[in-house]
There are 2 protein chains.
Amino acid sequence: MINRLIEKIQKTGAPICVGLDPMLSYVPDFLQKKAFDMHGETLEGAAEAIWQFNKTIIDSVYDLIPAVKPQVAMYEQFGPAGLVAYRRTVSYSKEKGLVVIGDVKRGDIGSTSAAYADAHLGKVKVGSRTYSAFDEDFATVNPYLGTDGIEPFLKVCREENKGIFVLVKTSNPSSGEFQDRLIDGKPLYEHVAQKVNEWGEGTGNGLYTAVGAVVGATYPEVGRKMRAAMPNAFLLVPGYGAQGATAGDLKDYFDRDGLGAIINSSRGIICAYRKDEYAKYGAANFGEASRAATLDMIADLKKVI
Amino acid sequence: MINRLIEKIQKTGAPICVGLDPMLSYVPDFLQKKAFDMHGETLEGAAEAIWQFNKTIIDSVYDLIPAVKPQVAMYEQFGPAGLVAYRRTVSYSKEKGLVVIGDVKRGDIGSTSAAYADAHLGKVKVGSRTYSAFDEDFATVNPYLGTDGIEPFLKVCREENKGIFVLVKTSNPSSGEFQDRLIDGKPLYEHVAQKVNEWGEGTGNGLYTAVGAVVGATYPEVGRKMRAAMPNAFLLVPGYGAQGATAGDLKDYFDRDGLGAIINSSRGIICAYRKDEYAKYGAANFGEASRAATLDMIADLKKVI
């Protein structure tokens, strides 16, 4: 799957993914109204609204980009109906040829991590039949519980040709509270990076393995170090745009071939219609605004890689 | 909510919670068959089977114990249908007077953690109406992203009178890989414990705050230290039974009043019917086997507290 992601990046010339993280308030009123007319002001109505919102965005950008990254929390808040919308989003994105990175940040002890790995990347047996619950291509994983929380994901990655991105250094302001603390002279995130290298061994058949790393765009000096420290790990880089990172911050996250990293933007793309520069499209054409913002992001990154 | 948990523990004399972590293979064949007759060998069939399994166990033990801890991964692997079973389990447990600890181990950057907090402990607005998606009483939370991943949970805890348990030292074999690494001479988990104290400040109105800590039963020397290091944090203690910890290991997790900790057992209770000592009940009476195992666990813990 990592090779497929790389091929898609090369084909589109766009090392970016669009974060499908819809708050209900992001959905234009006319679309909310349409969904509420169908289902009432219910959790089902909210789920329908965010699914229709996603569908328009996917239809507007799928030919420009290699991947999308739906954030499951935004769906989970609407209960099982929200997770139906999440599953439809994953499935429709794959139909349109996109690689899907499920931003689920799961992580637990061994047997429980196995259930999460099956839920998001693998299969589950029911009697004599087999199903995939959510079936993303990649999932993000939290490392706090150590190797036996990661192993079940590696097993499923090998069986299903999928991949994970392990949280190494996150983009949020307080990420340093634990991640930056020094252990034997090196910050915790460097120790996690070292484990990412170990976990990745033997999981790929090219330069990059099935075990990538999340490294926030908001700490460029860390990006540079992490690119060097994990030569075989693809970097998933959140924090561009709304969180404050610019293209200039991102150059060193890429390898010499301009590969090795994929930059995520969520609000900057999916809420483009609300920004002054794309206001001319109007809420009715929010998909076109997202397309314009995606093209601008691609052009912006082309300046540095 | 923490005070309600304490009252329930005092009333039952049982500082234990039952982990509702059903693998489909735990559900006796007759119950799987009944569910598959209704829904076929589908994800809905699997979800029905685990819900019926849970219902029997809840009916069999609810008067003996203060709380249950459903592990959401076990439901998530069956997709949205599984999460319907999770929600029914939460809701039915509350109807029976049990405190519900959602073992979800969520944690993300601020705005996303807010969506998780709303999903599991709070409310979400849909048009002019308000809903609770899952509505557990407590949730477990991963600290790797630091304070701004925790704050949204604290806000919801205050608004809704709920609580969280932060992962401090987990029960699994590789928990030490990162959690035990020394920072300024103290293991990482002690630094997390210190933050648990800070996060808890002002969130309770008794000895214990709304911010508890997960400390595995499998590391008794750590339990002793953590009880002292977090005098105002209730401890949620997994690892008794199937993971190898015994009552003798648990004495020091409690305070002088025999409070301050709640011990979880999952497989030891819900799969009791498969163990030699409870085999006499047979699969048909798996609920009675769980009740007997619960009574034995209570008696076992009474020896040490």
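From a predicted model like this one, the values you see are computed outputs, not experimental measurements. Residue numbers here run from 1 along each chain, matching the order of that chain's written sequence. As a convention, the first chain written is A and the first ligand written is 1, with the rest following in written order. Selection of residues for local features in this predicted model requires a pLDDT of at least 70, selection of side-chain atom pairs for listing and counting requires 80 or more, and totals for whole chains, interfaces and linings are taken over all residues. Only heavy atoms go into the side-chain values, all of them from the structure, while hydrogens and water stay out.

Note on the chain copies: they are related by a rotation about an axis and a translation along it. Of the transformation placing chain A onto chain B, the axial shift is 0.0 Å and the rotation is 180°, giving an RMSD of 0.0 Å. On the angle and the small slide along the axis, the relation comes out as a two-fold axis. Contacts: residue pairs with any heavy atoms within 4.5 Å of one another. Looking at the interface residues of chain A, 100% of them are also at the interface in chain B, so both copies use one shared face. In this comparison the copies share one frame, found by least squares on the C-alpha atoms of residues holding pLDDT of at least 70 in both.

With that settled, the discussion passes to empty space enclosed by the protein. Remark: the empty space left among the atoms is shown by a probe the size of a water molecule rolled over them. All names here are of chain B. The pocket and cavity definitions rest on a 1 Å grid over protein atoms only: a 1.4 Å probe that fits but cannot leave marks a cavity, an open set with protein on both sides within 12 Å along at least five of seven lines marks a pocket, and residues lining either have an atom within 4 Å of a point. Grid points are joined across faces, edges and corners, and a volume is the space filled by probe spheres set on the points. In the structure shown here, the tally under the stated rule is one cavity of 30 Å³ or more. As a volume, the largest cavity reaches approximately 30 Å³. Forming the boundary of the largest cavity are L31, K34, A35, M38, E48 and Q52. A run of H or I in DSSP counts as a helix once it spans at least four residues, and a run of E counts as a strand once it spans at least two, with each numbered from the N terminus. For the lining of the largest cavity, the secondary-structure elements that each account for two or more residues are α2 (29–39) and α3 (43–61). The leading source of residues in the lining of the largest cavity is α2, at four residues. Of the residues contributing to the lining of the largest cavity, the split by class is three nonpolar, one polar and two charged. Charged means Asp, Glu, Lys or Arg here, nonpolar means Ala, Val, Leu, Ile, Met, Phe, Trp, Tyr, Cys or Pro, and polar covers whatever is left, Gly included.

When a carboxyl oxygen of Asp or Glu is within 4 Å of a side-chain nitrogen of Lys or Arg, the pair counts as a salt bridge. By the definition in use, this model includes 44 salt bridges over all chains. For the salt bridge of A:D37 with A:K33, the shortest nitrogen-to-oxygen distance reads 3.1 Å. Here A:K33 and A:D37 lie together in helix α2 (residues 29–39), a separation of four residues that amounts to about one turn. Each residue's exposure class comes from its accessible area (1.4 Å probe, protein chains only) as a fraction of the maximum for that residue type: buried when under 20%, exposed when over 50%, partly exposed otherwise. Note on A:D37: relative accessible area 56%, which makes it exposed. What makes A:K33 exposed here is its relative accessible area of 52%. A salt bridge links A:K195 to B:E177; its shortest N-O distance comes to 4.0 Å. Here A:K195 is found in helix α9 (residues 188–200), whereas its partner B:E177 is found in helix α8 (residues 176–179) on a different chain. Note on A:K195: relative accessible area 18%, which makes it buried.

With 70 residues of chain A at the contact, the number on the chain B side is 70 residues. Here chain A and chain B share an interface that buries about 5,800 Å² over both sides, 60% of which is from carbon and sulfur atoms. Between chain A and chain B we count eight salt bridges in total. Between A:K105 and B:D108 there is a salt bridge, and its shortest N-O distance comes to 2.9 Å. A 3.5 Å cut-off defines polar contacts: any pair of N or O atoms within that distance qualifies, except that in protein one atom must be a possible hydrogen donor and the other a possible acceptor, and neighbouring residues in sequence count only when both atoms are side-chain atoms. In this assembly, chain A and chain B are joined by 35 residue pairs in polar contact (both at pLDDT 80 or more). Classifying every residue of the side of chain A that touches chain B by side-chain character gives 34 nonpolar, 21 polar and 15 charged. Defined in terms of a 1.4 Å probe, buried area is the accessible area two parts forfeit on being brought together, summed over both.

Moving on: unusual backbone geometry. Both trends apply: most residues other than glycine have a negative phi, and most peptide bonds are in trans. Of note, A:D184 is a non-glycine position whose phi angle comes to about 50°, a positive value. Counting through the fold element by element, A:D184 comes out in the loop between β8 (182–183) and β9 (186–187). The exposure class of A:D184 is exposed, given its relative accessible area of 66%. Positive phi, normally seen in glycine, also occurs at B:D135, with a value near 60°. With respect to the helices and strands, B:D135 occurs in the loop between β5 (129–131) and β6 (138–141). Here B:D135 falls in the partly exposed class, since its relative accessible area comes to 26%.

Let us now look at the confidence of the model for chain A. For chain A, per-residue confidence averages 96 on the pLDDT scale, and residues scoring 70 or more make up 100% of the total. Across the interface, the model reports ipTM at 0.97; the global pTM reads 0.97. Per residue, pLDDT captures the predictor's confidence, and it can take any value from 0 to 100.

We now examine the sheet that holds strand β2 (residues 67–68) of chain B. Residues and elements named next belong to chain B. The eight strands are arranged β1-β2-β3-β6-β7-β10-β11-β12 in a closed barrel whose pairing can be described as parallel. Whether two strands pair comes down to DSSP finding at least two bridges between them. Judged from the five bridges that link them, strand β7 (residues 163–169) and strand β10 (residues 211–215) form a sheet pairing that is parallel. Residue pairing in the sheet places V166 in a bridge with A213 of β10. Axis geometry follows a simple rule: fit a line to the C-alpha atoms, using only the stretch in contact for helices, then measure angles between N-to-C directions, giving values from 0 to 180 degrees. Packed on one face of the sheet, helix α5 (residues 79–95) meets β2 and β3 (99–106) and runs near 150° to β3.

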